[in-house]
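What follows is the residue order along each chain.
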Amino acid sequence: MRVNKAVAAIVAAATLALANGGSAGASSEERATAGRSPAVIPLPKGFRPEGIAVGPGPYAFVGSMADGSVYRADLRTGRGTLLSHGPGTPSLGMKTDERGRLFVAGGTGGDARVIDTRTGRLLASYRLADGPAFVNDVVLTEHAAWFTDSTNPVLYKLPLHGGRLPAAAVRIPISGDLTYGDGFNANGITPTPDGRALLVVQSSTGGLFRVDASGGSRRVDLRGESLPDGDGLLLRGRTLYAVENGVRNGDSFLTVLRLNAAGTEGRVLRRVRDDRFDTPTTVAAFGDRLYLPNARFGAGQDPEEKYDVIAVRRP
């Protein structure tokens, strides 16, 4: 009976994690591992990180803006190795699924890639835009992978019927409240708490928007607040973690919000500052910790520059 209960608990935790696009509930093993894990994970010199994904298991995957390579780190030890050599264009936002696949937003390459998390083998590549583009972030829902483009007012959808990778992406124009202007537009993306739509942050305005499957958008009521320089988003239940990278004003925060189920309203609970923040961009969870790569946009392209991922206790 004790074995059956343990198995049931693991299955329940995995189901909740999948519904929220990641590890929503931490097992006792995850909590213990996170408690012993290093608070700083060094990356290769000159790596220039941007996106991060965690799992399956205690492994983080970090993408390089420099050449699109992907680094795999063991969160228990902080040690890692290069999983995949990049195509010469960026690897930005990324997410993993339970099948051991890593979905990668290709930035100025205008593409999306799917990589095997065990071998680093390229499973699929998708041309999303033919002209200028900045494919910035990705989220996985039950039936699709969704990508934002900070240059073009569209979402790109990879339908995942039965988990199978499609032959091509679907381009969905954005309409409604989310209008594009100068600077970076749509950036971080995550599901609404009820899973019926998506949430997208606009970096240039700090606005948060609810976007439905047809591309119709509506501004989320944040009670007068905004998310300046909003970047990566992470949803856990009805709690939203938003990275404000501070690229324009120099103030980097991890902002914690509470949303209603539909994702139409929310309020800022707190802004977390850490002396180790150096233009953090995205965020992923493991156990009771959140992991943020320091992109250090002002560091330039020195191949000897040092980069890292930092861990903070989940607020």
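Everything below is about the structure shown above.
Because the structure is predicted, anything quoted here is derived from the model rather than measured.

Below, the discussion takes up the overall build of the protein. For the protein, the count of helices and strands is two helices and 25 strands. Out of the 315 residues belonging to the protein, those deemed buried represent 54%. Nonlocal contacts in the protein, meaning residues at least 24 apart in sequence, comprise 46% of its contacts between residues at least 6 apart.

It is worth spelling out the sheet that holds strand 5 (residues 80-84) at this point. Spatially, 2-3-4-5 is the arrangement adopted by the four strands of the open sheet, whose pairing is antiparallel. Strands with a single pairing partner mark the edges of an open sheet, and in this sheet they are strand 2 (49-54) and strand 5. Ignoring strand direction, the axes of neighbouring strands in this sheet form an average angle of 30°. Judged from the four bridges that link them, strand 4 (residues 70-74) and strand 5 form a sheet pairing that is antiparallel. By the bridge assignment for strand 5, Ala73 is matched with Gly80.

The next thing to look at is the packing of aromatic side chains. In this structure the tally under the stated criterion is two aromatic pairs. With a centroid separation of 6.2 Å and an interplanar angle of 65°, the aromatic rings of Phe47 and Tyr71 are classed as edge-to-face. Remark: Tyr71 occurs in strand 4 and Phe47 occurs in the loop between strand 1 (40-43) and strand 2; sequence separation between them is 24 residues. Residues Phe47 and Tyr71 agree in their burial class; the two are buried. The interplanar angle of 80° and the centroid separation of 5.0 Å between the aromatic rings of Phe134 and Phe184 together place this pair among those described as edge-to-face. Taken as a pair, Phe134 in the loop between strand 9 (122-127) and strand 10 (135-140) and Phe184 in the loop between strand 14 (175-176) and strand 15 (186-191) lie far apart in primary sequence, 50 residues in all. What makes Phe134 buried here is its relative accessible area of 18%. The ring of Tyr59 carries Arg72 above its face, with NZ or CZ at 4.1 Å from the centroid.

Below, the discussion takes up the pairing of strand 15. The side chains of a regular strand alternate between the sheet's two faces. Of all six residues making up strand 15, six are buried, and the element is well covered by its neighbours. Pairing between strand 15 and strand 16 (residues 198-202): four bridges, direction antiparallel. Residue pairing across strands places Ile189 opposite Val200, the latter belonging to strand 16. Between the end of strand 15 and the start of strand 16, which pair antiparallel, lie six residues, with Gly195 showing a positive phi angle near 75°.

Moving on to the pattern of salt bridges. Two side chains of opposite charge can pair, provided their charged atoms sit close to one another. For the structure shown, the criterion picks out 13 salt bridges. The closest approach of N and O atoms between Arg118 and Asp116, which form a salt bridge, is 3.7 Å. Here Asp288 and Arg313 are joined by a salt bridge, their closest N and O atoms 2.6 Å apart. Separated by 25 residues along the polypeptide, Asp288 in the loop between strand 23 (284-286) and strand 24 (289-293) and Arg313 in strand 25 (residues 307-313) bring together distant segments of the chain. The exposure class assigned to Asp288 is partly exposed, which follows from its relative accessible area of 26%.

Analysis parameters
Residues numbered from 1 in each chain as written. Predicted model: local features only at pLDDT ≥ 70, side-chain atom pairs only at ≥ 80, totals over all residues. Heavy atoms only, no water. Helix = DSSP H or I, 4+ residues; strand = E, 2+ residues; numbered from the N terminus. Buried < 20%, exposed > 50% of the residue type's maximum accessible area, 1.4 Å probe, protein only. Contact = heavy atoms within 4.5 Å. Pairing = 2+ DSSP bridges. Axes fitted to C-alpha atoms, helices over the stretch in contact; angles between N-to-C directions. Phe/Tyr/Trp six-rings, centres within 6.5 Å; stacked < 30°, edge-to-face > 60°. Lys NZ or Arg CZ within 6 Å of the ring centre and 35° of its normal. Salt bridge = Lys/Arg side-chain N within 4 Å of Asp/Glu carboxyl O.

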